[in-house]
Amino acid sequence: LWAHETESRPLVLGSNLFDPRQYHVAYYYFAEIYMQLLRIVAGLFSFAAIRGMFRENPLASGTALLAFSMALSFVVELIWDTNYIYHRTPIWYLWAVACGMLMASASKLELPNRLMTMAIVSGAVLMHHGLSSASGYICGGCALLLFWPEITVPAALKRLVSEVASASMFMYLSHYQVKSIV
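Everything in this summary refers to the structure shown in the same document. (Residues numbered from 1 in each chain as written. Predicted model: local features only at pLDDT ≥ 70, side-chain atom pairs only at ≥ 80, totals over all residues. Heavy atoms only, no water.)

1. Some words on the overall build of the protein
The line we're drawing: Strands are runs of DSSP state E lasting at least 2 residues, helices are runs of H or I lasting at least 4, and numbering of each runs from the N terminus. Working definition: with a 1.4 Å probe on protein chains only, accessible area under 20% of the residue-type maximum means buried, over 50% means exposed, and in between means partly exposed. We call two residues in contact whenever any of their non-hydrogen atoms come within 4.5 Å of each other. Each accessible area is a Shrake-Rupley estimate made with a 1.4 Å probe; only the visible protein chains count as cover when residues are assessed.
Counting its secondary structure elements, the protein contains 8 helices and 0 strands. Listed by position from the N terminus, the elements making up the protein come as α-α-α-α-α-α-α-α. Taking the principal axes of its C-alpha atoms as reference, the protein extends roughly 55 × 50 × 35 Å. Here the protein holds 182 residues, and 31% of them are scored as buried. Long-range pairs, those at least 24 residues apart, make up 60% of the contacts in the protein between residues at least 6 apart in sequence. When the accessible surface of the protein is split by element, carbon and sulfur atoms take 71% of a total near 11900 Å².

2. Topic: helix 2 (residues 29-44)
Which entries qualify depends on this criterion: Multiplying one less than the number of residues by 1.5 Å gives the expected span of a helix.
Taking 1.5 Å of rise per residue, 16 residues should cover 22 Å, and helix 2 covers 22 Å from first to last C-alpha, within 8% of that figure. Among the residues of helix 2, those classed as buried are E32, I33, Q36, L37 and V41.

3. A word on helix 7 (residues 133-147)
Taking 1.5 Å of rise per residue, 15 residues should cover 21 Å, and helix 7 covers 21 Å from first to last C-alpha, within 8% of that figure. Packing partners of the buried residues in helix 7 comprise helix 5 (90-106) and helix 6 (111-129).

4. A look at the side chain of N113
Condition: By the criterion applied in these results, polar contacts are pairs of N or O atoms within 3.5 Å in which, for protein atoms, one can donate a hydrogen and the other can accept it, and in which residues neighboring in sequence qualify only through two side-chain atoms.
Here N113 shows up in helix 6. Separated by 2.7 Å, the side chains of N113 and E110 make a polar contact. When sequence neighbours within four positions are dropped, the list of residues in contact with N113 reads L59 and A106.

5. Some words on the packing of helix 3 (residues 48-56) against helix 4 (residues 58-79)
Under the convention used in this document: A fitted line through C-alpha atoms serves as each axis, taken over the contacting stretch for helices, and the angle formed by two N-to-C directions is quoted from 0 to 180°. With respect to orientation, any angle under 35 degrees is reported as roughly parallel, any angle over 145 as roughly antiparallel, any angle of 65 to 115 as roughly perpendicular, and every other angle as oblique. Only Asp, Glu, Lys and Arg are considered charged, only Ala, Val, Leu, Ile, Met, Phe, Trp, Tyr, Cys and Pro nonpolar, and every remaining residue, Gly among them, polar.
With their axes 5 Å apart at the nearest point, helix 3 and helix 4 run at an angle of 125° to one another. In terms of axis orientation, helix 3 runs oblique to helix 4. Within the contact between the two elements, helix 3 uses M53, F54, R55 and E56 and helix 4 uses P58, S61, G62 and L65. Each residue belonging to the contact of helix 3 with helix 4 can be placed in one class, and the counts come to 4 nonpolar, 2 polar and 2 charged.

6. So, the pattern of salt bridges
Selection criterion: The term salt bridge refers to a side-chain nitrogen of Lys or Arg lying within 4 Å of a carboxyl oxygen of Asp or Glu.
Evaluated as defined, the whole model comprises 1 salt bridge. Its salt-bridge partner being E163, residue R159 comes within 3.6 Å of it at the nearest N-O pair. On the criterion of helical spacing, the pair formed by R159 and E163 is a turn pair, its members being 4 residues apart in helix 8 (residues 155-181). Relative accessible area serves as the criterion here: at 43%, E163 is assigned to the partly exposed category.

7. Details of the nonpolar core
Operational definition: Among buried residues, the Ala, Val, Leu, Ile, Met, Phe, Trp, Tyr and Cys ones that are joined through side-chain atoms within 4.5 Å form a nonpolar core.
With 19 residues, the main nonpolar core has L66, W95, C99, V121 and A124 as its most contacted residues. Every element with two or more residues in this core is listed here: helix 3, helix 4, helix 5, helix 6 and helix 7. Discounting residues that sit within four places of it in the chain, C99 has contacts with L66, V121 and A124.

8. Topic: the packing of helix 6 against helix 7
Stated precisely, the cut-off is as follows: Throughout, a crossing is termed right-handed when the near helix is turned clockwise from the far one, and left-handed when it is turned anticlockwise from it by less than a right angle.
Contact pair helix 6 / helix 7: the axes reach a minimum separation of 10 Å and the direction vectors enclose 160°. What the angle tells us is that helix 6 and helix 7 run roughly antiparallel. Between helix 6 and helix 7 the crossing geometry is right-handed. Here L111, R114, L115, T117, M118, V121, S122, V125, L126 and H129 of helix 6 come into contact with helix 7, specifically with A134, S135, I138, C139, C142, A143, L146 and F147. Broken down by class, the residue content of the contact of helix 6 with helix 7 amounts to 13 nonpolar, 4 polar and 1 charged.

Function cannot be read off these values alone, since they describe shape.
See the structure below:
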């Protein structure tokens with residue numbers, strides 16, 4: 001309303017599928033992708049057979065979902081080059097959700113299963129991002145989640161960590177809008 005513009009695509013959670021240079025008001029593509037991914041996963045788990053497979057053998061099911069999502073992303077990129085929208089599609093990020101599901105199912109299991117999961121996730125990260133600094137950060141975060149899920153922060157530092165985390169989240173959520181305002 002402030003910009004005297006009405007953009008229907010963000011209202012229907014689909015603006016991330018179009019050219020980002022067309023939008024001048026609020027644009028939270030990451031929230032749209034997240035909600036689209038939630039719809040995909042909810043649709044997947046709406047089938048009782050799939051829920052049963054994940055309940056009976058979560059590691060194999062998570063690995064199969066990861067392989068499927070990687071293949072789907074590859075095939076979609078052959079048909080639809082999403083470089084112009086900076087790959088802001090749920091299909092491009094579905095593999096990361098599958099990695100998270102796989103790691104969640106392995107995090108409480110014995111060490112050999114966690115090591116196998118780490119190898120699978122690292123392979124997926126390298127296939128998706130190549131040998132880059134991003135791959136190092138992602139694999140490092142995955143290793144922390146799998147092998148050291150609880151990090152204790154001394155009481156004296158908790159306040160500082162909390163303030164930095166709160167400020168960085170605010171900056172992350174508002175950086176695009178600040179650009180529009182400036």
